[in-house]
Amino acid sequence: LPLLLKATLLRLASGSYHPFHNGFYYNHIMNDDSDGQDKVDYFSGAKLMVETSKDPVYSYSGANVTLPCHYRYEPDQGPKRKIRIKWSKLRDDYTKERDVMVAIGRTLVAFGEFKGRAHIRQGSRHEASLVISDVRLRDDGKYRCEVIDGLEDESDVVDLRLQGIVFPYQPPRGQYRLNFHEAEQVCQDQGAILASFNQLFQAWSEGLDWCNAGWLADGTVQYPIRLPRKPCGGVHLAPGIRSYGPRHRHLHRFDAFCFSSALKGEVFYLDRLAGMTLEEAKQSCQDAGAEIARVGQLYSAWKLAGLDRCSAGWLADGSVRYPIVTPRANCGPAEPGVRSFGFPSKGRFGVFCYRER
């Protein structure tokens, strides 16, 4: 062996070497005190700690929201050099991250759809909270707050949940006609997005029972059952979310579960003595300084604003529906909900309009 390598091996074998030193003192990282337990000594004498909210943070579409995040050192080392703060949005299964923003001191860069909407709130020492303005439906989900100080890197996760409603959707041409990409589009057309599993689960826990399978945002196909019955998985299965698992996004066809949140504007009803055709209904909304409402807007107004109207009205997709908060005679079933007359090819009804505030 070369002379230098021999000298190095002899030095290591002797056990009389000193720990590596390069600006930081790296003590013996793993120690064995003969109790079978490995222990860690942190080289700087202070451990970086990052904490976010343990409870979900709730918000709604169009609002501003702050996702809390603070860091500290144990023991406190006083003022430190500028640290790097990184926020990322996670998938529900934690397998993939999407950059939201990175900040060093007062310099920050936001990415993608968060440009112009995200910044760091530094109202107190060691704060790294993320502020998102004009919250959008797709902002719902888990976020990672990561703090990097030199070689130390710690993080924690906070859950942002939008207050809203999940509703099943079938297109005019009937049941099970949508592949995944078409399902995404029809939800968007109705002022909504494809629901996540967590959103569907929340809706099921609040009473949603629907026997038709629909796409979710992760590409799986599922449906919520409160009352087990033969056509819906069988009477012997417990209530819960029935799952077909991931399906082929182009070839397989199902319905869609859409998610809509609170509205910036209002949904209101217009009518004429003789009713209106669909085209007349659209024009009536325009004459009132509004537009014909979409399905997601009607569901949001029913669920979140208490819209209750026992009169059928046109919606933008050509369907006729009406929202009932307080069930009563001649207004459909005995439970609250949005009633549907389907997609009539002819007929005269009122109209639900939507106007921004």
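Definitions and limits used
Throughout this document, residue positions are counted from 1 along each chain, in the order its sequence is written. Given that this is a predicted model, residues contribute local features only at a pLDDT of at least 70 and side-chain atom pairs are listed and counted only at 80 or more, while totals for whole chains, interfaces and linings are drawn from all residues. Calculation of side-chain values draws on the structure's entire complement of heavy atoms; hydrogens and water are dropped beforehand. The pLDDT value tells you how sure the predictor is about a given residue, anywhere from 0 up to 100. In this analysis, two residues are considered to be in contact whenever any of their non-hydrogen atoms come within 4.5 Å of each other. Helix and strand definitions here come from DSSP, where helices need a minimum of 4 consecutive H or I residues and strands a minimum of 2 consecutive E residues; each element is numbered from the N-terminal end. Here's how the labels work: a residue is buried when its accessible area is under 20% of the maximum for its type, exposed when over 50%, partly exposed in between, all with a 1.4 Å probe on protein chains only. Pairing between two strands requires that DSSP report at least two bridges joining them. Axis definition: a line fit to C-alpha positions, over the contact stretch in the case of helices; interaxial angles, taken between N-to-C directions, run 0 to 180 degrees. Any N or O atom pair separated by 3.5 Å or less is treated as a polar contact, with the protein-specific requirement of one donor-capable and one acceptor-capable atom, and with residues adjacent in sequence counted only for side-chain atom pairs. What counts as a salt bridge is simple: a side-chain nitrogen of Lys or Arg found within 4 Å of a carboxyl oxygen of Asp or Glu. Any cysteine sulfur atom paired with another within 2.5 Å is treated as part of a disulfide.

### A few points about the confidence of the model for the protein
Low-confidence regions, as indicated by low pLDDT, have predicted coordinates that should not be scrutinised in detail.
Working step 1: The predicted model of the protein has a mean per-residue pLDDT of 87, with 86% of residues at 70 or higher.
Working step 2: Here residues 1-34 is a poorly scored stretch, pLDDT under 50, and it has 26 contacts once near neighbours within four places are set aside; other chains count.
Working step 3: Confidence drops under a pLDDT of 50 for residues 38-43, and excluding neighbours within four residues, the segment shows 17 contacts in the predicted structure.

### Here's the deal with the environment of Val-57
Working step 1: Here Val-57 lies in strand E4 (residues 57-59).
Working step 2: Each C-alpha atom of the pair Val-57 and Val-158 lies 7.6 Å from the other, and the pair is 101 residues apart in sequence.

### Structural notes on the pairing of strand E17 (residues 220-225)
Side chains on a regular strand alternate between the two faces of the sheet.
Working step 1: Most of E17 sits inside the fold, with six of its six residues counted as buried.
Working step 2: Here E17 shows two buried faces, one formed by Thr-220, Gln-222 and Pro-224 and the other by Val-221, Tyr-223 and Ile-225.
Working step 3: Sheet topology places strand E16 (residues 214-215) next to E17; two bridges connect them, and they run antiparallel. Counted as the bridge partner of Trp-215 is Val-221 from E17.
Working step 4: The turn joining E16 and E17, which pair antiparallel and follow one another in sequence, is formed by four residues; a positive phi near 85 degrees is taken by Gly-219.
Working step 5: In terms of strand pairing, E17 meets strand E18 (residues 240-246) through six bridges, oriented antiparallel. In the sheet register, Val-221 faces E18, and the bridge partner there is Gly-245.

### So, the pairing of strand E23 (residues 320-324)
Working step 1: Burial analysis of E23 places five of its five residues in the buried class, the great majority of the element.
Working step 2: Burial of E23 is two-sided: the residues Val-320, Tyr-322 and Ile-324 facing one way and the residues Arg-321 and Pro-323 facing the other way are all buried.
Working step 3: From the end of strand E22 (residues 313-314) to the start of E23, which pair antiparallel, there are five residues, and Gly-318 there has a positive phi angle of about 90 degrees.
Working step 4: As paired elements, E23 and strand E24 (residues 337-340) share four bridges and run antiparallel to each other. Bridging from a neighbouring strand, Arg-321 pairs with Ser-340 of E24.

### Let's talk about the sheet that holds strand E9 (residues 107-110)
Working step 1: The strand order E4-E13-E12-E7-E8-E9 describes an open sheet built from six strands, whose pairing is mixed. Either end of the sheet is taken by a strand with one partner, and the two such strands are E4 and E9. For this sheet, the mean angle separating the axes of adjacent strands, direction not counted, is 25 degrees.
Working step 2: Summarising the sheet, strand E8 (residues 97-104) and E9 pair through four bridges and their orientation is antiparallel. Counterpart to Ile-104 in the pairing with E9 is Thr-107.

### Remarks on the side chain of Ser-319
Working step 1: By the element assignment, Ser-319 lies in the loop between E22 and E23.
Working step 2: A distance of 2.6 Å separates polar atoms of two side chains, one belonging to Ser-319 and the other to Asp-317.
Working step 3: If we ignore the near neighbours within four places in the chain, the residues touching Ser-319 are Val-295, Gly-313, Trp-314, Gly-342 and Phe-343.

### A word on the pattern of salt bridges
Working step 1: One pass over the full model with this rule turns up 20 salt bridges.
Working step 2: For Lys-264, the salt bridge goes to Asp-134, with nearest N and O atoms at 3.2 Å. Separated by 130 residues along the polypeptide, Lys-264 in the loop between strand E19 (255-261) and strand E20 (265-270) and Asp-134 in the loop between strand E11 (129-132) and strand E12 (141-149) bring together distant segments of the chain.
Working step 3: Since its relative accessible area comes to 46%, Lys-264 is described here as partly exposed.
Working step 4: For the salt bridge of Arg-355 with Glu-266, the shortest nitrogen-to-oxygen distance reads 3.3 Å. Of the two residues, Arg-355 is situated in strand E25 (residues 350-356) and Glu-266 in strand E20; the sequence distance between them amounts to 89 residues.
Working step 5: In this structure Arg-355 comes out as partly exposed when scored by relative accessible area, which is 28%.
Working step 6: Overall, the relative accessible area of 31% leaves Glu-266 in the partly exposed class.

### Topic: the state of the cysteines
In a disulfide, the sulfur atoms of two cysteines are covalently bonded to one another.
Working step 1: Applying the stated criterion across every chain, the model contains five disulfides.
Working step 2: Across the disulfide from Cys-285 sits Cys-353; the S-S distance is 2.0 Å. Across the disulfide from Cys-285 to Cys-353, rotation about the S-S bond amounts to roughly -80 degrees, and the bridge is consequently left-handed. On the criterion of sequence distance, the pair formed by Cys-285 in helix H4 (residues 278-287) and Cys-353 in strand E25 is long-range, its members being 68 residues apart. Grouping residues by exposure puts Cys-285 and Cys-353 together as buried.

### What to know about the sheet that holds strand E10 (residues 118-121)
Whenever strands of a sheet pair, they do so through backbone hydrogen bonds, lying parallel or antiparallel.
Working step 1: With antiparallel pairing, the three strands of this open sheet are ordered in space as E5-E11-E10. Unpaired on one side and paired on the other, strand E5 (65-67) and E10 mark the two borders of the sheet. Neighbour-to-neighbour, the strand axes of this sheet turn through a mean angle of 30 degrees, independent of strand direction.
Working step 2: Where E10 meets E11, four bridges bridge the pair, whose relative direction is antiparallel. Bridge assignment links Arg-121 to a residue of E11, and that residue is Ser-129.

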